[in-house]
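The primary structure of each chain is shown beneath.
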Amino acid sequence: MADLRIKIGSLELRNPVMLASGTCGYGAELEDLIDLSKLGAIVVKGTTLEPREGNPYPRMAETASGMLNAVGLQNKGIGYFEKHIYPTLAEYDTHVIVNVNGNTVEDYIELSRRIDRLASIPAIELNISCPNVKQGGMIFGTNPTSAREVIAAVRKAYSRTLIVKLSPNVTDITEFARISEEEGAEAVSLVNTLLGMAVDPKTMKPVLSTVTGGLSGPAIKPVALRMVWQTARAVKIPVIGLGGIMNGDDALEFIMAGATAVQIGTATFIEPRTALSAIVNMDSFLSERNYDSIINIIGIINRI
Amino acid sequence: MSKRIEDLTVTENHRLAEGFFVVKVSSSAGLPEILPGQFVQVLVTESPSTFLRRPISVHDVDYLSNTISLLIQVAGAGTERLSRLRHGETINLIYPLGNAFTLPAVGEKVLLAGGGCGMAPLLFLGRKIKESGIEPQFALGFRNRSRILEHEQFRDLGTVHLATEDGSEGHSGFITDIPAFRESKWDRVYCCGPEPMMKAVAALCLERDIFCEVSLENLMACGMGICLCCIVPTTSGNLCSCTDGPVFNIRDLKWQTSE
Ligand SMILES: Cc1cc2nc3c(=O)[nH]c(=O)nc-3n(C[C@H](O)[C@H](O)[C@H](O)COP(=O)(O)OP(=O)(O)OC[C@H]3O[C@@H](n4cnc5c(N)ncnc54)[C@H](O)[C@@H]3O)c2cc1C
Ligand SMILES: Cc1cc2nc3c(=O)[nH]c(=O)nc-3n(C[C@H](O)[C@H](O)[C@H](O)COP(=O)(O)O)c2cc1C
Ligand code: FES
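No experiment lies behind these values; they were computed from the predicted model shown.

Conventions adopted
Residues numbered from 1 in each chain as written. Chains lettered and ligands numbered in written order. Predicted model: local features only at pLDDT ≥ 70, side-chain atom pairs only at ≥ 80, totals over all residues. Heavy atoms only, no water. Helix = DSSP H or I, 4+ residues; strand = E, 2+ residues; numbered from the N terminus. Rg over C-alpha atoms; globule rule 2.2 N^0.38 Å. Contact = heavy atoms within 4.5 Å. Buried < 20%, exposed > 50% of the residue type's maximum accessible area, 1.4 Å probe, protein only. 1 Å grid on protein atoms, 1.4 Å probe; cavity = no way out; pocket = protein on both sides within 12 Å on 5 of 7 lines; lining within 4 Å. Points joined across faces, edges and corners; volume = space filled by probe spheres on them. Nonpolar A, V, L, I, M, F, W, Y, C, P; charged D, E, K, R; others polar. Expected span 1.5 Å × (residues − 1). Bend = angle between axes of the 7 residues up to and from the residue. Core = buried A, V, L, I, M, F, W, Y, C linked by side-chain atoms within 4.5 Å. Domains from an automatic or database assignment. Buried area = accessible area lost by both parts, 1.4 Å probe. Salt bridge = Lys/Arg side-chain N within 4 Å of Asp/Glu carboxyl O. Polar contact = N/O pair within 3.5 Å; in protein donor to acceptor, adjacent residues only side chain to side chain. Patch = residues over 30% accessible without salt bridge, like charges linked within 9 Å, V, L, I, M, F, W, Y side chains within 5 Å. Areas by Shrake-Rupley, 256 points an atom, 1.4 Å probe, with all protein chains shown as cover. Near = heavy atom within 4 Å. Sits in = over half its atoms within 2 Å of the grid points.

As for the overall build of chain A
A tally of helices and strands in chain A yields nine helices and 16 strands. In summary, chain A has a C-alpha radius of gyration of 18 Å against a globular reference of 19 Å for 304 residues, a match within 12%. Principal axes of the C-alpha set define a box for chain A whose edges measure 55 × 50 × 40 Å. Expressed as a percentage of contacts within chain A between residues at least 6 apart in sequence, the contacts between residues at least 24 apart total 72%.

Observations regarding the environment of alanine 123 of chain A
All names here are of chain A. With respect to the helices, strands and loops of the structure, alanine 123 is situated in strand S8 (residues 123-127). Among the residues examined, alanine 123 registers a relative accessible area of 0% and is labelled buried. Separated by 158 residues in sequence, alanine 123 and asparagine 281 place their C-alpha atoms 26 Å apart. Sequence-distant contacts of alanine 123, that is, excluding residues within four places in its chain, are made with Leu11, Val96, Ile97, Val98, Tyr158, Thr161 and Ile163.

Things to note about empty space enclosed by the protein
A complete count under the given rule lists one cavity of 30 Å³ or more for this structure. In this structure, the largest cavity spans a volume of roughly 550 Å³. Of the residues in the lining of the largest cavity, the class split is 17 nonpolar, 19 polar and two charged.

A few points about helix H1 (residues 77-89) of chain A
When the terminal C-alpha atoms of H1 of chain A are compared, their 16 Å separation across 13 residues is substantially less than the 18 Å that a helix rising 1.5 Å per residue should span. The sharpest bend along H1 of chain A comes to roughly 40 degrees, located at lysine 83 of chain A, with the proline proline 87 of chain A sitting one to four residues further on.

Comments concerning the nonpolar core
Residue and element names in this part refer to chain A. Counting 124 residues, the largest nonpolar core has Leu19, Phe81 and Ile115 as its most contacted members. Ranked by residue count, the leading element in this core is helix H9 (residues 274-288), at seven residues. If near-sequence neighbours (up to four positions away) are discounted, isoleucine 115 is found in contact with Ile78, Val98, Val100, Ile121, Ile124, Tyr158 and Arg160.

With respect to the domain arrangement of chain B
Residue and element names in this part refer to chain B. Assigned domains of chain B: these are domain 1 (4-97) and domain 2 (110-215). Each partner contributes residues to the interface: domain 1 has 14 residues there, and domain 2 has 16 residues. Of the roughly 1400 Å² buried where domain 1 meets domain 2, counting both sides, 65% is carbon and sulfur surface. It is Pro36, His59 and Asp60 that lose the most area in domain 1 upon contact with domain 2, and together they represent 35% of the buried surface on that side. Applying the counting rule to domain 1 against domain 2 returns one salt bridge. Where domain 1 touches domain 2, the interface holds four residue pairs in polar contact (both at pLDDT 80 or more). The element that contributes the greatest number of residues to the side of domain 1 that touches domain 2 is strand S1 (residues 4-17), accounting for three residues.

What about the layout of surface pockets?
Roughly 570 Å³ of volume is contained in the second largest pocket. As for the second largest pocket, its lining consists of 22 residues, of which Lys45, Gln74 and Lys76 of chain A together with Leu228 and Asp244 of chain B are closest to the centre. Ranked by residues supplied to the lining of the second largest pocket, first place goes to strand S15 (residues 237-240) of chain B with four residues. Each residue belonging to the lining of the second largest pocket can be placed in one class, and the counts come to nine nonpolar, seven polar and six charged.

Things to note about a nonpolar patch on the surface
A surface patch of nonpolar side chains, about 250 Å² in accessible area, is lined by Met197, Val199 and Val211 of chain A. Its place among the elements puts valine 211 of chain A in the loop between strand S13 (205-206) and strand S14 (212-216).

So, the site of ligand 2
Residues and elements named next belong to chain A. Around ligand 2 sit 22 residues in total, of which Ser21, Lys165, Gly217, Gly244 and Thr266 are the nearest. A distance of 2.9 Å separates an oxygen atom of ligand 2 from a polar atom in the side chain of asparagine 99. Glycine 217 places a main-chain nitrogen or oxygen 2.8 Å from an oxygen atom of ligand 2. Relative to its free-state accessible area of 610 Å², ligand 2 is covered by the protein chains to the extent of 95%. In this structure the site holding ligand 2 corresponds to the largest cavity. When grouped by side-chain class, the residues that make up the shell around ligand 2 number six nonpolar, 15 polar and one charged.

If you want it as structure tokens, here you go:
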């Protein structure tokens, strides 16, 4: 067995593979199919202060090697989460990270404060990159001044590990990674979905109710990988890479490009065991090549 | 109820009519309990443009041979590939998924209404209803005589009323035009078919205060409640048609706002 342990700030994970927010529910939905305790962490559904119904149907369009979604952060709000969901999550033998969303800086602060009180949640992922909401979301993640403001405010409000999830819908993602680092984030995760759209020629209408949505899946992998590589060279804090990882080798590509950890998103819809097989694949790759630890190959493309 | 991910073996692929076929798949592990109205998520291989799994209703279940039947209509590349499944091939399923139809109480008079591939879940439902001691009746609608699907197995369970839109066989018009549908006092109506059909059936049932459940075919990405793409507006907010459905009581749906 190679050593797969990695650290995100002060948080130690048993391996670098997590499930991505919005693609694994609260974990429970997948318990019949996969052993969650084998995972490095799960990042549960995007959570907001107030309950949200999300965007109208249709919210999904299949595209060449990917999908568009326009879910729009449907969730029952932090109050419901604290009362009904948190107690069940606290039982899991894996790290549970909450993805935090708001319309305003105040929302983000209040939400982070409340999650800070939940002892079994060791980290939050600050989502400033959701493309599917009118207010907040990506507006914070695509404007450097607002990004700095919200990250600084959440840093003050939240005492545990802070991860900032970055939007790929910017000219230079490293700028936002640097801002995150300067404002005290322990890690950045990238990428969220790429803004895209689809038209149905038969109906002569956009497929999604919101016209535009977020593209995920293998279609975005080369873009995500490039951004992870650039970011890992630009900051010292760990980079969590995601975007189109469909198998174990895809995960290794992100690690070799500089990611300390990876997240599996859309792949779970098609093959729920993807994250588990990525872990097995990492272990066998390291053993075959005589590496003791996954740490040895993080960013290795820059050294060979 | 627990779901599983499993490779099943194709034991039969039988063409019913142009574009419709029944695929039988068997489980070497033995089938779990499956309820009428539930569906499977099929992994479609060898179809490069098919990215996501495809949701298909359970058409019938045979516990003696551990076989599930799927009634599939070719709609695009994914179902076209499934139409070419050969005996002995394996297909990967996540199943059983979704809720189920609520079964009638003893002595109730029930009608199962559907058309096209919407007939799919009604066979297994009819079988379960028959097993519970009630003889179901069926109202099946088709565009014209040449589109009528084989329905001997439905006839084995109860009376079948047919309607064709052009009147080339059975009653002329939609299933809601079948006299037995309008004249009899039904305690329960179950419906699966194209959305206009389900809406017409729902309207008739609401008007007459008949208990009615429909099985929706919303677009799905995961089928397991983790993507929230398949939502249906209901009186209790947006629900997932893959986990809270696909079967809904028409009284809970807000169809006017989903259009
Ligand atoms: C719970 C559930 C149960 C189903 N049961 C059956 C069944 O028993 N038998 C069967 O033949 N089909 C069933 N369907 C529909 C089936 O899943 C779709 O026809 C299939 O996914 C189409 O895939 P494709 O790749 O062949 O076509 P695609 O290329 O994906 O689509 C072809 C065309 O059909 C439309 N379409 C695709 N899926 C849907 C959908 N869900 N609703 C409305 N329009 C759609 C597309 O917009 C496109 O215009 C079910 C769907 C659901 C959600
Ligand atoms: C249906 C769906 C819902 C998502 N919801 C969220 C969310 O609530 N918060 C978030 O930060 N990212 C969300 N994402 C983005 C994913 O976490 C991930 O960043 C993106 O899909 C790229 O990874 P992938 O290609 O592996 O899916 C969602 C993605 C999808 C497909
Ligand atoms: S299809 Fe993913 S939640 Fe229903």
